[in-house]
Amino acid sequence: MTSTVHTLTLPSGDLDITVDDQGQGHPCLLLHGGGGPQTVAPFAGLLAEQRPARVITPVHPGFGGTARPDWLTDVPALAQAYIRLLDELGLTDVTVVGNSIGGWIAAELALLGSDRISGVVLVNAAGIKVPGHPIADTFSLTPAELSRLAFHDPAKFAVDPATLPDAARAVMAANRAALQVYSGPFVMEDPTLRERLAKVTHPALVVWGESDEVVDAEYGRAYAAAMPQARFELLHRTGHMPQIETPEQLLAVVWDFADSHATNRP
């Protein structure tokens, strides 16, 4: 795996994005959620090792100790940045995979209609408004409370910040601050997104952990129903982050989708 910094020129200014790049084969853009890049790093390695995939994992600016310019404040702007990154890397036939707010970014990427993208996978994504199925207010929860909502088996996967070094806790605090900025005034949702998703032309797969109580499975089904070419798949015995709890199960469904919609077959 190689980690590089790409400086992208965007209408609002230059933007540095740190990118991990590993594996060879079908390109996959893997977008992390609010927990930071470490929540997808093991899955990125698994995908690159077990499938013929080139896995590109950017760090959203402001996460993982990186800088966020003042003008970068919302998910649509992040989506524009990642399209520019695909241009910079010269990639085509890209499968975009995003978890939580990363799934929201993936949805906005799909709406941009780039011909560099062959399909999008939304994994327990945030971003839309579904009456009767609100997103949990994670900013008001203690780490233990959030773990109980996020994991099928919190005793096995929860992390107690008190056991971490000071530097790790500082990064977690910075991640949380960046997430609050990107989540916007409506806190993890855009009231216009669900209706706009009717314009998505890319194939889409919406994957959901059945035990997720941060954003429940009915919310996921509403996400899939909003996109013309979307399919919904429920993952058993897993919560908000299948890439951590049941990575092999997620790998199978992601690769089946990526392979079936690839345009550049060998």
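A quick note: this is a predicted structure, and the numbers were derived from the prediction, not measured. (Residues numbered from 1 in each chain as written. Predicted model: local features only at pLDDT ≥ 70, side-chain atom pairs only at ≥ 80, totals over all residues. Heavy atoms only, no water.)

**Here's the deal with the overall build of the chain**
Each helix and strand counted, the chain has 10 helices and eight strands in total. Taken over the C-alpha trace, the chain has a radius of gyration of 17 Å; the compact-globule value for 266 residues is 18 Å, and the two agree within 12%. Its C-alpha atoms put the chain at 45 × 35 × 35 Å along the principal axes. Buried residues in the chain amount to 51% of all 266 residues. Long-range contacts, defined here as pairs at least 24 residues apart, represent 76% of the contacts in the chain between residues at least 6 apart. As displayed, the chain offers around 11,400 Å² of accessible surface, 54% of which is attributable to carbon and sulfur atoms. Across the chain, the mean location of the 17 positive side-chain charges is 3 Å away from that of the 30 negative side-chain charges. (Helix = DSSP H or I, 4+ residues; strand = E, 2+ residues; numbered from the N terminus. Rg over C-alpha atoms; globule rule 2.2 N^0.38 Å. Buried < 20%, exposed > 50% of the residue type's maximum accessible area, 1.4 Å probe, protein only. Contact = heavy atoms within 4.5 Å. Areas by Shrake-Rupley, 256 points an atom, 1.4 Å probe, with all protein chains shown as cover. Lys, Arg positive; Asp, Glu negative; His and termini not counted. Charge placed at Lys NZ, Arg CZ, Asp CG, Glu CD.)

**Observations regarding the sheet that holds strand E8 (residues 230-235)**
Ordered by their spatial adjacency, eight strands build an open sheet running E1-E2-E4-E3-E5-E6-E7-E8, and the pairing between neighbours is mixed. On the outer flanks of this sheet lie strand E1 (2-10) and E8, each paired with one strand and no other. Neighbouring strand axes in the sheet, compared pairwise and without regard to direction, differ in orientation by 25 degrees on average. Note that strand E3 (residues 26-31) and strand E4 (residues 53-58) share four bridges and pair parallel. Of the residues in E4, the one forming a bridge with Cys-28 is Val-55. Strand contacts of helix H10 (residues 247-261): E3, E4, strand E5 (94-99), strand E6 (117-123), strand E7 (204-209) and E8, with the helix running at about 160 degrees to E6, the strand carrying the most contacts. (Pairing = 2+ DSSP bridges. Axes fitted to C-alpha atoms, helices over the stretch in contact; angles between N-to-C directions.)

**Observations regarding the packing of aromatic side chains**
Scanning the model with the defined rule gives four aromatic pairs in all. Look at Phe-151 and Phe-157: their rings are 5.9 Å apart centre to centre, the planes differ by 20 degrees, and that puts the pair in the stacked class. Taking the relative accessible area as the measure of exposure, Phe-151 reaches 8% and is therefore buried. Ring plane angle 70 degrees and centroid distance 6.0 Å describe the contact between Tyr-219 and Tyr-223, whose orientation is recorded as edge-to-face. Taken together, the residues span about one helical turn, with Tyr-219 and Tyr-223 both in helix H8 (residues 217-225) at a distance of four residues. Given the relative accessible area of 1%, Tyr-219 is considered buried. Under the relative-accessibility criterion, Tyr-223 is labelled buried at 0%. (Phe/Tyr/Trp six-rings, centres within 6.5 Å; stacked < 30°, edge-to-face > 60°.)

**Comments concerning the nonpolar core**
In terms of nonpolar packing, the biggest core is built from 57 residues, with Leu-29, Tyr-82, Val-96, Leu-109, Leu-197 and Tyr-223 touching the most fellow members. Among the elements that take part in this core, helix H2 (residues 75-89) stands out by supplying nine residues, more than any other. Among all residues touching Tyr-82, those that are not within four sequence positions of it are Ile-17, Leu-29, Leu-31, Pro-58, Val-59, His-60, Pro-61, Ile-105 and Leu-109. With 23 residues, the next largest nonpolar core counts Cys-28, Leu-235, Leu-250 and Phe-257 among its residues. (Core = buried A, V, L, I, M, F, W, Y, C linked by side-chain atoms within 4.5 Å.)

**Some points on the packing of H2 against helix H3 (residues 101-111)**
Taken N-terminus to C-terminus, the directions of H2 and H3 make an angle of 65 degrees; their axes are 8 Å apart at the nearest point. Considering their axes alone, H2 and H3 lie roughly perpendicular with respect to each other. For the pair H2 and H3, the crossing hand works out as right-handed. Residues Val-75, Pro-76, Leu-78, Ala-79, Tyr-82 and Ile-83 of H2 touch H3, and the partners they reach there are Ile-101, Trp-104, Ile-105, Glu-108 and Leu-109. Tallied by class, residues from the contact of H2 with H3 come to 10 nonpolar, no polar and one charged. (Parallel < 35°, antiparallel > 145°, perpendicular 65-115°, else oblique. Left-handed = near helix turned anticlockwise from the far one by under 90°. Nonpolar A, V, L, I, M, F, W, Y, C, P; charged D, E, K, R; others polar.)

**Here's the deal with H10**
An ideal rise of 1.5 Å per residue puts 21 Å on 15 residues; H10 measures up with 21 Å between its terminal C-alpha atoms. Every buried residue of H10 is accounted for by Leu-250, Leu-251, Val-253, Val-254, Trp-255, Phe-257 and Ala-258. (Expected span 1.5 Å × (residues − 1).)

**Describing the side chain of Ser-100**
The topology assignment puts Ser-100 in the loop between E5 and H3. Residue classification places Ser-100 among the buried residues on the basis of a relative accessible area of 10%. In this structure Ser-100 touches Gly-33, Val-123, Asn-124, Ala-125, Ala-126 and His-240, once residues within four positions along its chain are discounted.

**Topic: the pattern of salt bridges**
With the rule as written, the count across this model stands at nine salt bridges. A salt bridge links Glu-88 to Arg-84; its shortest N-O distance comes to 3.8 Å. Taken as a pair, Glu-88 and Arg-84 lie in helix H2 at a separation of four residues, close to a single helical turn. Accessibility expressed as a relative area gives 40% for Glu-88, which makes it partly exposed. The class for Arg-84 is partly exposed, based on a relative accessible area of 27%. Note that Glu-108 and Arg-196 form a salt bridge whose closest N and O atoms lie 2.7 Å from each other. With a gap of 88 residues between them, Glu-108 in helix H3 and Arg-196 in helix H7 (residues 193-196) connect regions that are remote in the sequence. By relative accessible area, which is 25% here, Arg-196 ends up partly exposed. (Salt bridge = Lys/Arg side-chain N within 4 Å of Asp/Glu carboxyl O.)

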